[in-house]
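What follows is each chain in one-letter form.
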Amino acid sequence: MLLGVNIDHIATLREARAINDPDPLEAIFIAKRAGAHQITIHLREDRRHIHDLDIQNILQSSFLPVNIECSINPQIIESLLNLKPQRITLVPENREEITTEGGLDIQANLQRIQEIIQAFHCIGTEVSLFIDTDIAQICAAKEVRAEMIELHTGTYANLHLMLFSNLPRTQHSLKSLEIPRASLKELYEKSIQDLQNAAKEAKWLGLEVAAGHGLNYHNLKPILKIPEIFELNIGQSIIARAIFSGLEQAIKDMLTLMQNKEAKD
Ligand code: PXP
């Protein structure tokens, strides 16, 4: 299974001080040395972390394939079409959110997404769509001729945090998931089943299947057991560990878990 390292949060730290350090570009050399397969960055409409200049510099200098996440906002699409990236991943975007909260609604934006995909295919860019485990959305991804989908693992990851970490005892407990443990467990099992079914259906339709959001060093195991998933895009947990262990070690630790499939439940 391949690892795409999302380096947005290196830019988040830079933006906290509004200077030029740390530079996300530097992370790419380290990620390559550590054995990562891809760099993922999100050009958000509010430019809260990655900026247009980062995208230009990274596309010019990266030794690794670059996957750019973006919304279907016309100005963003226009600027990325000019830069001819290897891959884009279309994601929903909501200005108020802390991070991407749900999957893209392809059905509600069918024609617009179809046009965007056509335009990127004309310049040789492959297109992935970040979606929930909804079979209707997977069929729509096929209809608009995306090559790939990325399954949103956020629901699964949140349930794992509430069941198996100290999150419920912190100020960031997920209020909507403060429910009896037996119900949490049921939802957790269902979220894994949904990911398995969605991956199978997508692969059967001829789509490549990636997954990401909220994945960390403790919740990988059920995801690694889904044979149709060929790539994981992981950011926050790797950058969080990098603060203590260094980025190279944090990426190597993740790759080791992915390779030996001994990740903890
Ligand atoms: N994949 C997509 C499409 C995302 O939007 C994000 C978050 O930017 C990630 C993967 C990485 O998620 P996390 O930072 O929770 O690992």
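On a predicted model such as this, the values are computed, not experimentally measured, just so you know.

The rules behind each value
Sequence order as written defines residue numbering, which begins from 1 separately in each chain. Per-residue local features are limited, in this predicted model, to residues with pLDDT of at least 70; the limit for side-chain atom pairs, both in listing and counting, is 80 or more; totals at the level of whole chains, interfaces and linings are taken over all residues. For the side-chain quantities, the full set of heavy atoms in the structure was used; hydrogens and water were omitted. UniProt positions are given in the numbering used here, feature names are shortened, and annotations may be inferred rather than shown by experiment. Think of a 1 Å grid over the protein atoms and nothing else: a 1.4 Å probe that fits but is trapped marks a cavity, an open set flanked by protein within 12 Å on at least five of seven lines marks a pocket, and residues with an atom within 4 Å of a point count as lining. The numbering of helices and of strands both runs from the N terminus, where a helix is a DSSP run of H or I of at least 4 residues and a strand a run of E of at least 2. We call a residue buried when its accessible area falls under 20% of the maximum for its residue type, exposed when it is over 50%, and partly exposed in between, using a 1.4 Å probe and counting protein chains only. Residues are treated as being in contact if the distance between any of their heavy atoms lies within 4.5 Å.

**Student:** Is there a simple way to explain the UniProt feature "binding site: 3-amino-2-oxopropyl phosphate" (unreviewed entry) in the protein in this structure?
**Tutor:** The residues that UniProt annotates with the feature "binding site: 3-amino-2-oxopropyl phosphate" (unreviewed entry) are Asn6, Arg17, Gly214, Gly235 and Gln236. Their sequence span is 231 residues, while the largest C-alpha to C-alpha distance among them is 25.4 Å; these annotated residues do not converge on one region. Checking the named residues against the second largest pocket, the ones that line it are Gln236. Its place among the elements puts arginine 17 in helix α1 (residues 8-17). Along the polypeptide, glycine 214 turns up in the loop between β7 (208-212) and α9 (221-224). On the basis of relative accessibility, which here comes to 42%, the residue glycine 214 falls in the partly exposed class. Among all residues touching glycine 214, those that are not within four sequence positions of it are Ala157 and Asn219.

**Student:** So what exactly am I meant to see when it comes to the UniProt feature "active site" (unreviewed entry) in the protein here?
**Tutor:** The UniProt feature table records "active site" (unreviewed entry) at His42, Glu69 and His213. A compact arrangement is adopted by the annotated residues: their sequence extent is 172 residues, whereas the largest C-alpha distance between any two is 12.6 Å. Among the secondary structure elements, glutamate 69 is positioned in strand β3 (residues 66-70). For glutamate 69, the contacting residues outside a window of four places in its chain are Asn6, Thr40, Ile41, His42, Leu43, Thr89 and Val91. By the element assignment, histidine 213 lies in the loop between β7 and α9.

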